[in-house]
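Chain residues, written in single-letter form:
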Amino acid sequence: MTFPYDTRLPPDLAALKLEIEAHARAFGLDFYETIFEVVVADDLNEIASYGGFPTRYPHWSFGMSYEELKKGYEYGLSKIYEMVINNDPCYAYLMRCNHTVDQKLVMAHVYGHCDFFKNNAYFAHTSRKMMDDMANHGVRVRHYAEKYGEDEVEAFVDRCMSIDDLIDMHSTAIKRHEDSTRFDFKEAPEEEGDKLTRFQSKDYMSDYINPPEALKAEEEEHKKAQLAIERSFPERPERDVLLFLVEYAPLKPWQRDVLSIIRDEAYYFAPQGQTKILNEGWASYWHSTIMTERALEPWECIDYADHHSGTMAMSRGRVNPYKLGIELLRDVERRWNTGQFGKEWEECDDLDKKRTWNLNLGLGRKKIFEVRKIHNDVTFIDTFLTPEFCQEHKLFSFAHNEQQDNYVIESRDFPKVKQRLLFSLTNHGRPFIYVVDGNYKNRGELLLRHEYNGIELRMDRAVDTLANVQALWSRPVHLHTIVDNKPVLISHDGTNPTQKNLGEADDPRKNTPPATK
């Protein structure tokens, strides 16, 4: 892209924008000013490959993504209908070759996303000037590439991007650590003797009730425990591995800045992964509502139905977030309109009464606006997925059959289906990794721990990731995990990975990192 975009829309699209925006606001949607840009297919593929930010720093992975999108479009395998950026103002892109009905649908869908970005709690911490921030990031990385060499900078960015998911997504809402500055000083510890276990006794029975040897031994234990706390580094397991590396890894100033850039962008994109189903469901709900109730002309019905059904189509082996999101939101709206919730509904055992249950409460629209505001995918599914919904939409869990070497239906039971769905959404389906010790065995080595929850790490990916962490830490890096149902320690010294079996005392399943403050 060698030319600036003219964001002034053609008269026909400008009129459509005003019409769709008015409909969206009439339904109660609240969003930032939205700027639509009209681009050709090739430019839209290029923008999409950069994650929606054409001013982002350069990297070969974006070129690879562009080639994939370009080939998919040329061969008719895929097509990008809409792209919208969480920013103030919001930026959205329209493909020049789309028909009018598609432009209407895209605009209505975009306004749903913009409302979600502005009002959902999980986006509250994100930068609303990320378009500018991304441009600044790009300038800094390009400057480093010119100064230190493209190969060196790109190799370092490769390592950083391979671990960009090792962040603590909930740290933006949960205070993990007390605020501290370089002017904070520790208070002197209390006298350990005052904390010793002393039992009341007469003076002449004191040595018998409180033996001096026992008190001295207890005092020594207290001192050892206090010394262990003071030596612990970090003080408690740290889930934000990137932050730990930014603060403590022996990096050059430009490397620390690049790693900080990768971390900042990871936190910006994290809510989109946390709310994919709810976000797409919300946007789909509103494009469907606006189009069918207000904006659709009679001669556009066939095209709209064709494109909408294509978006909602389910495929084997994956969950369509558009379909699951919109159907579950509609189910919530129906239940709160008819009163099919609460204690009375749950305790009713009369199936005939339940089939005709309708209290005409009319609370559905209000409820889904509340859902949009406070939920992410995990809490949305956990709170509102019901056995009746699973049965109606034929949801099931599947597993791999080793003998037949194919995937088969594992279960249609609601608890199993819900558990599998929630498990795939928790932490984007990625493993939880903690920094346990930054001075392992007092040799400056790094010890990580995998929070095992029934799924073992893929060893090829684990070893490659460990190698990249080692390159940043510059000392050997170790990882506690489970392999073949046994605790092991995987290590990487920068040359070769090694694997060592551990005893039960080091089993991560029995030593799960405690919740951080």
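Above this note sits the structure.
Since this is a predicted model, take the numbers as computed values, not measurements.

A. Broad picture of the overall build of the protein. Looking only at helices and strands, the protein features 20 helices and ten strands. Across the 517 residues in the protein, those meeting the buried criterion constitute 44%. Here the analysis covers contacts within the protein between residues at least 6 apart in sequence; of these, 69% occur between residues at least 24 apart. Of the roughly 28,800 Å² of accessible surface on the protein, a fraction of 50% belongs to carbon and sulfur atoms.

B. How the structure looks around unusual backbone geometry. For the peptide bond that leads from Asp88 to Pro89, omega is 5°, which places it in the cis range. Mapping Pro89 onto the fold places it in the loop between strand 2 (83-85) and strand 3 (90-95). Notably, Asn360 is not glycine yet its phi reads approximately 50°, a positive angle. Within the chain, Asn442 stands out as a residue other than glycine whose phi angle is a positive 60°. Along the chain, Asn442 falls in the loop between strand 6 (433-440) and strand 7 (445-450).

C. A look at the pattern of salt bridges. In this structure the tally under the stated criterion is 23 salt bridges. Asp168 is paired through a salt bridge with Arg239; the nearest N and O atoms lie 3.8 Å apart. Here Asp168 is found in the loop between helix 6 (150-162) and helix 7 (206-209), whereas its partner Arg239 is found in the loop between helix 8 (212-231) and helix 9 (241-248), with 71 residues between them in sequence. No difference in accessibility class separates Asp168 from Arg239, as the two residues are buried. Put simply, Arg365 and Glu333 hold a salt bridge, and the shortest N to O gap is 3.3 Å. Of the two residues, Arg365 sits in helix 16 (residues 364-374) while Glu333 sits in helix 13 (residues 321-338), which places them 32 residues apart along the sequence. Taken together, the salt bridges that share partners define one network made up of Lys17, Glu21 and Arg25.

D. Just the packing of helix 12 (residues 301-312) against helix 13, in detail. Where helix 12 contacts helix 13, the axes come no closer than 7 Å and their chain directions differ by 100°. By the angle between their axes, helix 12 is roughly perpendicular relative to helix 13. On the side of helix 12, the interface is formed by His308, Thr311 and Met312, while helix 13 contributes Tyr322, Lys323 and Ile326. Of the residues that constitute the contact of helix 12 with helix 13, the class distribution is three nonpolar, two polar and one charged.

E. Region of the structure containing the nonpolar core. One finds Phe36, Trp282, Leu329, Ile381 and Leu385 to be the most contacted residues of the largest nonpolar core, which totals 58 residues. Broken down by element, this core gets its largest block of residues, ten residues, from helix 4 (residues 100-119). Ignoring any residue separated from it by four or fewer positions in sequence, one finds Leu329 in contact with Leu278, Gly281, Trp282, Tyr285, Ile368, Val371 and Phe380.

F. Structural detail: the sheet that holds strand 2. The strand order across the open sheet built from three strands is 1-3-2, with neighbouring strands paired in mixed fashion. One side of each edge strand has no neighbouring strand; the edge strands of this open sheet are strand 1 (34-39) and strand 2. Within the sheet, the average angular offset between the axes of one strand and its neighbour, ignoring direction, is 20°. Pairing of strand 2 with strand 3, which is carried by three bridges, proceeds in the antiparallel orientation. If you follow Met83 over to strand 3, its bridge partner there is Tyr93. Taken strand by strand, helix 4 contacts strand 1, strand 2 and strand 3, and its axis lies near 160° from that of strand 3.

G. A negative patch on the surface, seen in detail. Residues Glu344, Glu346, Glu347, Asp349, Asp350 and Glu388 make up a contiguous surface patch of negative charge. In terms of residue count, the dominant contributor to the negative patch is helix 14 (residues 342-347) (three residues). Looking at the element boundaries, Glu388 is found in helix 18 (residues 387-392).

Parameters at a glance
Residues numbered from 1 in each chain as written. Predicted model: local features only at pLDDT ≥ 70, side-chain atom pairs only at ≥ 80, totals over all residues. Heavy atoms only, no water. Helix = DSSP H or I, 4+ residues; strand = E, 2+ residues; numbered from the N terminus. Buried < 20%, exposed > 50% of the residue type's maximum accessible area, 1.4 Å probe, protein only. Contact = heavy atoms within 4.5 Å. Areas by Shrake-Rupley, 256 points an atom, 1.4 Å probe, with all protein chains shown as cover. Salt bridge = Lys/Arg side-chain N within 4 Å of Asp/Glu carboxyl O. Axes fitted to C-alpha atoms, helices over the stretch in contact; angles between N-to-C directions. Parallel < 35°, antiparallel > 145°, perpendicular 65-115°, else oblique. Nonpolar A, V, L, I, M, F, W, Y, C, P; charged D, E, K, R; others polar. Core = buried A, V, L, I, M, F, W, Y, C linked by side-chain atoms within 4.5 Å. Pairing = 2+ DSSP bridges. Patch = residues over 30% accessible without salt bridge, like charges linked within 9 Å, V, L, I, M, F, W, Y side chains within 5 Å. Lys, Arg positive; Asp, Glu negative; His and termini not counted. Charge placed at Lys NZ, Arg CZ, Asp CG, Glu CD.

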